[in-house]
Each structure stands twice: as structure tokens, then as C-alpha cells.
Amino acid sequence: MRSFTATHPVLGLLSRDEHSGQTAWKQPVSWFETHTDVLHHLSTYAHGDGRPDTTLSGSAPHPFWVEQDQAFVLLGDLKSGDLLHRAGGSPAVVLDHSR
């Protein structure tokens, strides 16, 4: 499996085997630190009430799997309403994205 980057521990990491194309949720085996001048903050919710229950911070080029696009989207390009998945498979909807 080839991983893209380490992600927030709640969301885990969706890895895709470059030979078979199979995807699976994996926990990162190591972390690395990058430095950026601008942090993006992403609020998500998993319950129907629309109140944020998780906030992540990261750099714009960090990829996230967006279910409705069936593609990885950079953190800097995520928008309200995008559907992500947590490591356990439960949905997480993007509520707000700010810098």
C-alpha cells in the first residue's frame, strides 16, 4: 500500500493499492511535520443536528477522500457539504472551512 500523507487520527487514512486499485482505511505508521504560513481549519459533523463535533487543522495540499466526487480533494479546496468518512467508516460532513 502507498499512503499519501498522515491524517487526523479520527479520520484515519484511506490508502489505495496502486496495483490492485483496492482501497482500505489504515492507521498511519508514522507522522511527519510540515511548516506552512497558512493553516486551514475544517469543522465537520457526524450527527444530523448540523453542529460541529470535530475540527481539524492542516495545510492546503493535504488530500482528503470526498465521497460524492469519488476522488481525493486537497484540504484547501474542500467546501461545505463535502462528505468525508472517519476511520471507522461513519460519515463526516464538512460544515465550515476557514483559514
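Let me begin by describing the structure that accompanies this report.

Criteria and thresholds
Here the residue numbering is sequential within each chain, running from 1 through the sequence in written order. Confidence filtering applies because this is a predicted model: local features only for residues at pLDDT of at least 70, side-chain atom pairs given and counted only at 80 or more, and all residues used for totals across whole chains, interfaces and linings. Hydrogens and water molecules were not included; the side-chain quantities draw on all heavy atoms of the structure. Helix and strand assignments follow DSSP, with helices taken as H or I runs no shorter than four residues and strands as E runs no shorter than two, numbered in order from the N terminus. Buried, partly exposed and exposed residues are distinguished by accessible area as a fraction of the type maximum, computed with a 1.4 Å probe on protein chains only: under 20%, between the cut-offs, and over 50%, respectively. Any two residues whose heavy atoms approach within 4.5 Å at even a single point are treated as in contact. Each accessible area value is a Shrake-Rupley result obtained with a 1.4 Å probe; residue values ignore everything except the protein chains displayed when judging cover. When a carboxyl oxygen of Asp or Glu lies within 4 Å of a side-chain nitrogen of Lys or Arg, that pair is called a salt bridge. A pair of strands is treated as paired once DSSP finds two or more bridges between them. With axes taken as lines fitted to C-alpha atoms, and helix axes fitted only over the stretch in contact, angles between N-to-C directions fall between 0 and 180 degrees. Ring pairs shown here join Phe, Tyr and Trp side chains whose ring centres sit within 6.5 Å, with only the six-membered ring taken for Trp; geometry is labelled stacked below 30 degrees between planes, edge-to-face above 60, and tilted in between. We define the nonpolar core as a collection of buried residues of types Ala, Val, Leu, Ile, Met, Phe, Trp, Tyr and Cys that are connected through side-chain atoms lying within 4.5 Å of one another.

1. Things to note about the overall build of the chain
Looking only at helices and strands, one finds 0 helices and 8 strands in the chain. Mapped in sequence order, the helices and strands of the chain form the string β-β-β-β-β-β-β-β. The burial tally for the chain puts 34% of its 99 residues in the buried class. Excluding contacts between residues fewer than 6 apart, the proportion of contacts in the chain whose partners are at least 24 apart in sequence is 38%. With the model as given, the accessible surface of the chain reaches about 6200 Å², and the carbon-plus-sulfur share is 51%.

2. Remarks on the pattern of salt bridges
Overall, the coordinates contain 1 salt bridge when judged by the stated rule. Of the charged contacts in the structure, one is a salt bridge between Lys 79 and Asp 82, with a shortest N-O distance of 3.2 Å. For Lys 79, a relative accessible area of 48% puts it in the partly exposed group. Looking at Asp 82, the relative accessible area reads 2%, which means it is buried.

3. Description of the sheet that holds strand β7 (residues 83-85)
By definition, the strands of a sheet pair up through backbone hydrogen bonds, in either a parallel or an antiparallel sense. If you walk across this open sheet you meet the 4 strands as β4-β3-β8-β7, and the pairing is antiparallel. Only two strands of the sheet have a single partner each, and these edge strands are β4 (54-58) and β7. On average, each strand axis in the sheet is tilted by 40° relative to the strand beside it, whichever way the strands run. Looking at chain direction, strand β3 (residues 40-45) and β4 are connected through 5 bridges and run antiparallel. The partner of His 41 across the bridge, within β4, is Ser 57.

4. Digging into the packing of aromatic side chains
A ring pair, where both rings are aromatic, is described by two values, the distance of the centres and the angle of the planes. Overall, the coordinates contain 1 aromatic pair when judged by the stated rule. Both rings, one in Trp 65 and one in Phe 72, keep their centres 5.1 Å apart while their planes meet at 75°; by these two values the pair is edge-to-face. The exposure class assigned to Phe 72 is partly exposed, which follows from its relative accessible area of 30%.

5. Things to note about the environment of Arg 51
As for its placement among the helices and strands, Arg 51 is situated in the loop between β3 and β4. Sequence spacing of Arg 51 and Leu 95 is 44 residues, and the spatial spacing of their C-alpha atoms is 8.1 Å. The contacts of Arg 51, once residues within four sequence positions are left out, are Tyr 45 and Leu 95.

6. Some details on the nonpolar core
Core analysis: the biggest nonpolar cluster contains 10 residues, these being Leu 42, Leu 56, Phe 64, Val 66, Val 73, Leu 75, Leu 78, Leu 84, Ala 92 and Val 94. Elements with a minimum of two residues in this core: β5 (63-66) and β8 (91-98). If near-sequence neighbours (up to four positions away) are discounted, Leu 84 is found in contact with Leu 42, Thr 44, Phe 64, Trp 65, Val 66, Leu 78, Ser 90, Pro 91, Ala 92 and Val 94.

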